[in-house]
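Residue-level structure breakdown
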Amino acid sequence: MSVRHQQVVLTVSDGTTMGAYVTMPDDSAVHPGIIVFQEAFGVNSHIRNICDRLAEAGYVSIAPEMFHRTAAAGSEFSYTDFDAIRPHSSAMTVEGQTADAHAAYDWLRNQNNVEQGKIGTIGFCMGGRFSFLANLILPVQVSVSY
């Protein structure tokens, strides 16, 4: 299946803006949506690859940049440089994570090519916790935490 990619900027309820990587099937059909929550290393090539593969399988995927309050847009971190990640992960709050999850969910809900009532989440490592939290606060149909 052919897919298309784009970067979007979401407005979060706390007044911040958050970048997100979006991938979707390149057709006019309606598809289920999925929020892909990043590892501590950012929305890097691994997370983008997961989004791409989900789009190839027929999902509209969005990967929000969860460190947007403390890191520059598009920031990616090395898998071996935990010191660079620590200030960003330490600054995260449940309130911020909740607002970010709502922003990504609302973006999906407002897309004409996303099937209402068929939105889920998936998260990897640190993002697994975000996926679990999203399951508690959003009316998603499924959440997976790795």
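Our subject is the structure listed above.
First things first, this report covers the structure right here in the doc. Everything numeric here is computed off the predicted structure, so don't read it as measured data.

Once that is clear, we can look at the environment of glutamate 56. Mapped onto the fold, glutamate 56 is located in helix H1 (residues 45-56). When the C-alpha atoms of glutamate 56 and threonine 23 are compared, they prove to be 8.9 Å apart, with 33 residues separating the residues in sequence. In contact with glutamate 56, other than residues within four places in its own chain, are Met1 and Val3.

Although it is not a glycine, cysteine 125 sits at a positive phi angle of roughly 55°. Note on placement: cysteine 125 falls in the loop between strand E5 (114-123) and helix H4 (126-137).

Note that histidine 31 resides in strand E3 (residues 31-37). Relative accessible area serves as the criterion here: at 8%, histidine 31 is assigned to the buried category. The spatial distance from the C-alpha of histidine 31 to the C-alpha of tyrosine 59 is 5.6 Å, given a sequence separation of 28 residues. Not counting residues up to four positions away in its chain, the partners in contact with histidine 31 are Pro25, Gly58, Tyr59, Val60, Asn113, Val114 and Glu115.

Okay, H4 next. For H4, spanning 12 residues, the distance from its first C-alpha to its last is 17 Å, which sits close to the expected 16 Å at 1.5 Å a residue. Within H4, burial applies to Met126, Gly127, Gly128, Phe130, Ser131, Leu133 and Ala134. As for H4, its buried residues are in contact with E3, helix H2 (82-90), helix H3 (94-109), E5 and strand E6 (142-145).

Once that is clear, we can look at the sheet that holds strand E1 (residues 3-11). Spatially, the six strands line up as an open sheet ordered E1-E2-E4-E3-E5-E6, and their pairing is mixed. Each of the sheet's edge strands pairs with one partner strand only, and the pair in question is E1 and E6. Across this sheet, the average inter-strand angle for adjacent strands is 20°, counted without regard to direction. Pairing between E5 and E6: four bridges, direction parallel. Across the sheet, the residue bridging to glycine 123 is serine 145, located in E6. Across the sheet, H1 touches E1, strand E2 (17-25), E3 and strand E4 (60-64), and the angle it forms with E2 is around 40°. Where H3 meets the sheet, its contacts fall on E1, E2, E3, E4 and E5, and the angle it forms with E3 comes to roughly 160°.

Definitions and limits used
Residues numbered from 1 in each chain as written. Predicted model: local features only at pLDDT ≥ 70, side-chain atom pairs only at ≥ 80, totals over all residues. Heavy atoms only, no water. Helix = DSSP H or I, 4+ residues; strand = E, 2+ residues; numbered from the N terminus. Contact = heavy atoms within 4.5 Å. Buried < 20%, exposed > 50% of the residue type's maximum accessible area, 1.4 Å probe, protein only. Expected span 1.5 Å × (residues − 1). Pairing = 2+ DSSP bridges. Axes fitted to C-alpha atoms, helices over the stretch in contact; angles between N-to-C directions.

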